[in-house]
Amino acid sequence: MNLGDNIWAAILFAGLTAGILARIYRQGGVRIFITDYQRGVRFVQGSFHDLLGPGSFASNPKREQVTIVDMRPQPILLERLQFQDAVLAGAVISIGAELIVADPVLAVTNLKNPLADSMTIVRDALRTVLSKTVAEPRNSARQKAATDIELAVNADLAKVGMRVANVEITELWSRPAKSSLGVGAN
């Protein structure tokens, strides 16, 4: 064998060794597929690295974690939520809305279960807003209340990367407030 054959044999051996090592290294990796309505939040060694859009990505689960977030609006319905309005009359309200992930990174890092945890925030903000208003069944009052509810709830949800849209009051009624004045003066 001459020198040229030795060089080609060494190159072939190095190429085979590199191919085998690459296969061994890649066996720990997986492919992640993210659809057009999802986003992936990638954490490398426990800290946020980047946000992945739709596509196919290689991931090494030994070193990084990818959390898939569904960005589609989720319909929510809060039925028969009892509260006391501004004149201390007992009232009941039911609302429907869409819950949307506004910031996937905030939602993943602040909430364990974005849908369930957001519902608690929505209920608390709803009670706070409704306790400052008078429950009126008129259509114009319901629309104004729905707008006020959406603004207040979104202010609280923005802190955790969520928001609501298309808020609609489906049911609203109240009992008359008990008068604190004595009946009949004597």
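Figured I'd write up the structure that's included with this text. (Residues numbered from 1 in each chain as written. Predicted model: local features only at pLDDT ≥ 70, side-chain atom pairs only at ≥ 80, totals over all residues. Heavy atoms only, no water.)

1. Regarding the sheet that holds strand β8 (residues 162–174)
Turning to step 1, where the next piece is worked out: Judged by pairing direction, the sheet is antiparallel, and its three strands sit side by side in the order β6-β7-β8 without closing on themselves. Both outer strands of the open sheet, β6 (74–84) and β8, are each paired with one neighbouring strand and no more. When the angles between neighbouring strand axes are averaged without regard to direction, this sheet yields 20 degrees.
Turning to step 2, where the next piece is worked out: Across 10 bridges, the pairing between strand β7 (residues 90–101) and β8 is antiparallel. Bridge assignment links I95 to a residue of β8, and that residue is I169. (Pairing = 2+ DSSP bridges. Helix = DSSP H or I, 4+ residues; strand = E, 2+ residues; numbered from the N terminus. Axes fitted to C-alpha atoms, helices over the stretch in contact; angles between N-to-C directions.)

2. A word on the packing of aromatic side chains
Turning to step 1, where the next piece is worked out: Inspection of every chain in the model, using the stated rule, returns one aromatic pair.
Turning to step 2, where the next piece is worked out: Each ring, one from F43 and one from F48, has its centre 6.3 Å from the other, and the planes form 75 degrees; the classification is edge-to-face.
Turning to step 3, where the next piece is worked out: The positively charged end of R72 is found above the aromatic ring belonging to Y37, 4.0 Å away from the centroid. (Phe/Tyr/Trp six-rings, centres within 6.5 Å; stacked < 30°, edge-to-face > 60°. Lys NZ or Arg CZ within 6 Å of the ring centre and 35° of its normal.)

3. Description of helix α3 (residues 114–130)
Turning to step 1, where the next piece is worked out: Taking 1.5 Å per residue as the helical rise, α3 with its 17 residues ought to reach 24 Å, and the 24 Å between its terminal C-alpha atoms agrees with that figure.
Turning to step 2, where the next piece is worked out: Three or more residues of α3 are buried, namely S118, M119, V122, A125, L126, V129 and L130. Along the axis of α3, the buried residues cluster in a sector spanning 140 degrees; they form a single face.
Turning to step 3, where the next piece is worked out: Those residues of α3 that are buried are in contact with β6, β7, α4 (139–157) and β8. (Expected span 1.5 Å × (residues − 1). Buried < 20%, exposed > 50% of the residue type's maximum accessible area, 1.4 Å probe, protein only. Arc of directions from axis to C-beta. Contact = heavy atoms within 4.5 Å.)

4. Considering the sheet that holds strand β5 (residues 64–70)
Turning to step 1, where the next piece is worked out: Across the sheet, three strands lie side by side as β3-β2-β5; this open sheet has antiparallel pairing. Each of the sheet's edge strands pairs with one partner strand only, and the pair in question is β3 (47–52) and β5. Strand-to-strand twist in this sheet, taken as the mean axis angle between neighbours without regard to direction, amounts to 25 degrees.
Turning to step 2, where the next piece is worked out: Sheet analysis places strand β2 (residues 38–44) next to β3, joined by five bridges and oriented antiparallel. Of the residues in β3, the one forming a bridge with V41 is L51.

5. As for α4
Given 3.6 residues to a turn, an α-helix orients residues that are three or four positions apart in the same direction.
Turning to step 1, where the next piece is worked out: Its 19 residues place the ends of α4 26 Å apart at the C-alpha level, agreeing with the 27 Å of an ideal helix rising 1.5 Å per residue.
Turning to step 2, where the next piece is worked out: Residues A141, A145, A146, I149, V153, N154 and L157 constitute the buried set of α4.
Turning to step 3, where the next piece is worked out: In this fold, the buried residues of α4 make contact with β7, α3 and β8.

6. Description of a nonpolar patch on the surface
Turning to step 1, where the next piece is worked out: A grouping of I7, W8 and I11 is seen on the molecular surface, where their side chains present a nonpolar patch of about 360 Å² in accessible area.
Turning to step 2, where the next piece is worked out: You can see I11 is positioned in helix α1 (residues 3–26). (Patch = residues over 30% accessible without salt bridge, like charges linked within 9 Å, V, L, I, M, F, W, Y side chains within 5 Å. Areas by Shrake-Rupley, 256 points an atom, 1.4 Å probe, with all protein chains shown as cover. Salt bridge = Lys/Arg side-chain N within 4 Å of Asp/Glu carboxyl O.)

7. A closer look at the pattern of salt bridges
Turning to step 1, where the next piece is worked out: Applying the stated criterion to the full structure yields eight salt bridges.
Turning to step 2, where the next piece is worked out: Here D148 and K144 are joined by a salt bridge, their closest N and O atoms 2.9 Å apart. Of the two residues, D148 and K144 both sit in helix α4, four residues apart, roughly one turn of that helix.
Turning to step 3, where the next piece is worked out: A relative accessible area of 53% places K144 in the exposed class.
Turning to step 4, where the next piece is worked out: In this structure, the salt-bridge partner of K159 is D156, at a minimum N-O distance of 4.0 Å.

8. Section: the packing of α3 against α4
Turning to step 1, where the next piece is worked out: Their axes nearest at 9 Å, the elements α3 and α4 cross at an angle of 135 degrees. Judged on the interaxial angle alone, α4 and α3 are oblique. You can see that α3 and α4 cross each other, and the crossing is right-handed. Only D148, I149, A152, V153, D156 and L157 of α4 make contact with α3, whose side of the interface consists of S118, I121, V122, A125, L126, V129 and L130. (Parallel < 35°, antiparallel > 145°, perpendicular 65-115°, else oblique. Left-handed = near helix turned anticlockwise from the far one by under 90°.)

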